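Survey of secondary and tertiary structure
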Amino acid sequence: MVGSFNLAKYETSNAQYASFLNANQVPADGLWNGKRLVNSESKDLQVEFQDGVWKSKKRKEHFPMVMVSYYGAKAFCEWARGSLPTEAEWIYAAKGGIKSKKFLYSGGNNLGKLAWYKGNCNAQLHAVGQKTPNELGIYDMSGNVWEWCLNEKLTNESDSCIHMGGSWFTDQQPCQILSRYGNTPTHFSNSVGYRVKYQIPALGDYKGVPFSDSYIS
């Protein structure tokens, strides 16, 4: 059983993450408070550091943030006065909460209509919110990018942190709501991102970063 919470309708975007990096003056190497938040050496990172400022790469502003570690996802959420959802919260939201129709995937049983996955993505990531949302109006909880979940017992960098939902890179099975995968908190991938959970009402614009949230109970 989970309590009431707010969950972002969309996966965190590159534009939002660049705002976080700039607000905290994260240097070009992506290191902050002893943790590497982003893989600044990867060509798959869709934000870049130019003239002392982080910004989204051209035409990638509304694509989900990838090449971000668990630490990087968690740090953003805390800056935005939220957190990562727990695995139980993520599953509850993906199922549609009290509006659930018990679909196999988040929002339906026809994956092609509601998710970007290996079978329809043309081997690439897509901007958030282009497919059909689930019963709560939340987009992309199946497909597009895996989403980090909170590990409340994390003690070291060898521990596993769960990511859920499948991605553009996977077949259909990992996109099922109950499919469970994960990696170490230092893992970077061009198919792993996240979304923010709040315990407070929807924030609207926070520090110039637009957040759009769906209430779940």
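**Comments concerning the pattern of salt bridges**
All chains considered together, the criterion is met by seven salt bridges. The salt bridge partner of K35 is E157, with a shortest N-O separation of 3.6 Å. Of this pair, K35 sits in strand β3 (residues 35-36) while E157 sits in the loop between β6 (146-148) and β7 (161-164), and the two are 122 residues apart along the sequence. What makes K35 partly exposed here is its relative accessible area of 29%. Two residues, K74 and E78, come together in a salt bridge whose shortest N-O distance is 2.6 Å. Placement of both K74 and E78 in helix α2 (residues 70-79) is noted, with a separation of four residues, approximately one turn of the helix. With a relative accessible area of 30%, K74 lands in the partly exposed category. The exposure class of E78 is partly exposed, given its relative accessible area of 45%.

**What to know about the nonpolar core**
Grouped together as the largest cluster of nonpolar side chains are 37 residues, with contacts concentrated most on Y17 and Y194. Elements with a contribution of two residues or more to this core: α1 (14-23), α2 and β6. The greatest single-element share of this core, amounting to seven residues, is contributed by α2. Among residues more than four places away in sequence, those in contact with Y17 are T12, L37, V38, M65, V68, G72, A73, F76 and Y194. Among the nonpolar cores identified, the runner-up in size contains 14 residues, and L7, A94, I162 and M164 belong to it.

**As for the sheet that holds β6**
Taking strand neighbours across the sheet as the criterion, the four strands line up as β8-β7-β6-β9 in an open arrangement whose pairing is mixed. Of all strands in the sheet, those bounded by a partner on one side alone are β8 (180-183) and β9 (192-193). Pairing analysis gives two bridges linking β6 to β7, with the strands arranged antiparallel. In the sheet register, E147 faces β7, and the bridge partner there is M164. Strands β6, β7 and β8 of the sheet are contacted by helix α3 (residues 87-95), whose axis makes an angle of about 5° with β7.

**Points about the pairing of strand β1 (residues 5-8)**
Because side chains alternate across β1, one face comprises the buried residues F5 and L7, and the other comprises N6 and A8, equally buried. Two elements, β1 and strand β10 (residues 197-198), share two bridges in a ladder whose sense is antiparallel. Counted as the bridge partner of N6 is Y198 from β10.

Criteria and thresholds
- Residues numbered from 1 in each chain as written.
- Predicted model: local features only at pLDDT ≥ 70, side-chain atom pairs only at ≥ 80, totals over all residues.
- Heavy atoms only, no water.
- Salt bridge = Lys/Arg side-chain N within 4 Å of Asp/Glu carboxyl O.
- Helix = DSSP H or I, 4+ residues; strand = E, 2+ residues; numbered from the N terminus.
- Buried < 20%, exposed > 50% of the residue type's maximum accessible area, 1.4 Å probe, protein only.
- Core = buried A, V, L, I, M, F, W, Y, C linked by side-chain atoms within 4.5 Å.
- Contact = heavy atoms within 4.5 Å.
- Pairing = 2+ DSSP bridges.
- Axes fitted to C-alpha atoms, helices over the stretch in contact; angles between N-to-C directions.

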